[in-house]
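Geometric and topological summary
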Amino acid sequence: MKKRDKTRIGLIGAGHVCRIGHGPAIKADGRAYIAAISDPDLHNRTLFAKKYRVPGVYEDHRAMLENEELDAVVISSPPWLHAVHVKDAAGKGLPILCEKPMATNLEDCRAIIEAGKKHNVYILMGHCKRFEPGHQRIRELLMKGSIGRIFQINIFWYFFIPNLTVGPLAKIAGKLKKHGFDVDREFGFWRYGDVRAGGGDFFDHAPHYLDIIRFYGMEIEQVSCETKRCYPDIRPYEDLAVATFKLSNGAILLYDKNIICTGSPYGFERGYIYGENGKIAFRAAHAYKRRRMNVGIYRLLNIPMDIYKPVIFPYGRKKTMFFRQMKHFIDNVRHENTMKDGISGSWGATPEDSFLTIAWTLASYKSARDGIKITRENLFREIDTFQTDCPHDW
Ligand SMILES: NC(=O)c1ccc[n+]([C@@H]2O[C@H](COP(=O)([O-])OP(=O)(O)OC[C@H]3O[C@@H](n4cnc5c(N)ncnc54)[C@H](O)[C@@H]3O)[C@@H](O)[C@H]2O)c1
């Protein structure tokens, strides 16, 4: 395709998720290119612009939106800035792919929904797990009733983010920084230490699975949650959270998320779904290495062999979630449909979908703070103006 026929994408924020996800995905798709980026961080924007040969490089997103001719925008700044960035990009009439978490409070979420409606622009929220073939297969299996009535879903997602301010690890981090590798900046550690993040690790990662549960076809009816700050000296918010949810089909969801589980930094991400006629297990792909997600199903017939039968789904580098999400976004921007492997146009997360993930994330924190259960009936009464003030030790 000639360059003049390609979709011109501008990035607002060119950090970690652009390095691992959006940058490679836009390049691989071939129907778009990164025409401009804006990022106040000199290091991030310079390196990214060099790698992707980006012609328009800006410190300020408004200057980029004013000066560049763009067809679409990807917003991958920290979540407390999403509302402003969406409003500005929507004001220019540009379709938007906006990262999760949508925002840090409901007021900003509503502003994003309103901006989309007011300017009549397409907004895809970055709930990329919907585009993971493994989750799509699980959804199909559950919708077909492959394991009968669902009783329980358990999700365990652990990282290991140690205290890098003391001991030998501090020395290593210091040496790396001297050589230009700032661990905090490289991995966007604002999510664990910046009070503007709205919460700790749970705030950043709960929206993923609260969305996937709805993608599987269940609504959340009630939450009860406990959180803990294991490293109060260095983290304003929790680094460990265990939440239980009642779902609309009567099942119980256990969501266990922490960053204190000693082991590989990326830890593990596993899920188990138990039904009356069997169970499904998954081990999520390592997003950064673009590995395959493993899914197995264990029906009553499997009991004699006592093994899960692998669930097969299309796989390959370009079928991993960030690539497929970008393909879907570019399809919608260009009014094309190149998704040949089973994903219909309506599967992407809307701002309304994302709004619910923030509502239930905030409800989880409120439940932990006040020691209460929050139900769908009293959800908005409980959390409408609630913000996860910090520091907290709920
Ligand atoms: N979908 C996923 O799986 C996934 C994975 C990682 C991150 N994310 C999300 O992507 C977003 C960014 O996270 P990250 O890990 O890339 O963080 P990061 O800190 O590495 O990148 C964010 C970038 O935004 C820049 N920025 C700050 N203020 C800005 C402004 N006013 N205008 C433009 N840019 C600005 C920062 O300088 C930084 O380069 C977050 O919402 C995060 O939760 C999603």
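Residues numbered from 1 in each chain as written. Predicted model: local features only at pLDDT ≥ 70, side-chain atom pairs only at ≥ 80, totals over all residues.

Strands sit in the order β3-β2-β1-β4-β5-β6 across an open sheet of six strands; the sheet is parallel. Two strands close off the open sheet at either side, each with one partner strand: β3 (56-58) and β6 (123-126). In this sheet, adjacent strand axes meet at a mean angle of 20° when their direction is disregarded. In the sheet, strand β5 (residues 96-99) pairs with β6 via four bridges, with the strands oriented parallel. Looking across to β6, one finds that leucine 97 is bridged to leucine 124. Most of the contacts of helix α1 (residues 16-29) go to strand β2 (residues 32-38), to which it runs at about 145°, and overall it touches β1 (7-12), β2, β4 (72-75) and β5. (Pairing = 2+ DSSP bridges. Helix = DSSP H or I, 4+ residues; strand = E, 2+ residues; numbered from the N terminus. Axes fitted to C-alpha atoms, helices over the stretch in contact; angles between N-to-C directions. Contact = placed C-beta atoms within 7 Å.)

This paragraph deals with the domain arrangement of the chain. By domain assignment, the chain separates into domain 1 (3-128) and domain 2 (130-218 + 226-315). Each of domain 1 and domain 2 has a C-alpha centre, and the two are 26 Å apart. Taken together, the contacts link 13 residues of domain 1 with 17 residues of domain 2. (Domains from an automatic or database assignment.)

Moving on, we get to the sheet that holds strand β12 (residues 278-283). Ordered by their spatial adjacency, nine strands build an open sheet running β14-β13-β12-β11-β7-β10-β9-β8-β15, and the pairing between neighbours is mixed. Bordering the open sheet on either side are β14 (309-310) and β15 (374-375), each of which pairs with just one other strand. Here strand β7 (residues 150-158) pairs with strand β10 (residues 252-258) via seven bridges, running parallel. Its bridge partner being in β10, tryptophan 157 is matched across the sheet by lysine 257. Taken strand by strand, helix α12 (residues 351-370) contacts β8 (220-228), β9 (240-247) and β15, and its axis lies near 55° from that of β8.

In this sheet, strand β13 (residues 294-299) lies alongside β12 in antiparallel orientation, the contact comprising six bridges. Note that in β13 the partner of lysine 279 across the bridge is tyrosine 298.

So, about the packing of helix α5 (residues 106-118) against α12. Closest axis-to-axis distance for the α5/α12 pair is 10 Å, and the angle between their directions is 180°. When the interaxial angle is binned, α5 and α12 end up roughly antiparallel. On the side of α5, the interface is formed by Leu106, Cys109, Ile112, Ile113 and Gly116, while α12 contributes Pro351, Glu352, Phe355, Ile358 and Ala359. Among the residues making up the contact of α5 with α12, the classes are represented as eight nonpolar, one polar and one charged. (Parallel < 35°, antiparallel > 145°, perpendicular 65-115°, else oblique. Nonpolar A, V, L, I, M, F, W, Y, C, P; charged D, E, K, R; others polar.)

α12 packs onto helix α10 (residues 201-215) with a crossing angle of 125° between their chain directions and a minimal axis gap of 9 Å. Of the possible angle classes, the one that applies to α10 and α12 is oblique. Two packed elements cross with a definite hand, and for α10 against α12 that hand is right-handed. Contacts between α10 and α12 involve Phe202, Phe203, Ala206, Pro207, Leu210, Asp211 and Arg214 from the first element and Asp353, Leu356, Thr357, Ile358, Trp360, Thr361 and Ser364 from the second. Looking at the contact of α10 with α12 residue by residue, the class counts come to eight nonpolar, three polar and three charged. (Left-handed = near helix turned anticlockwise from the far one by under 90°.)

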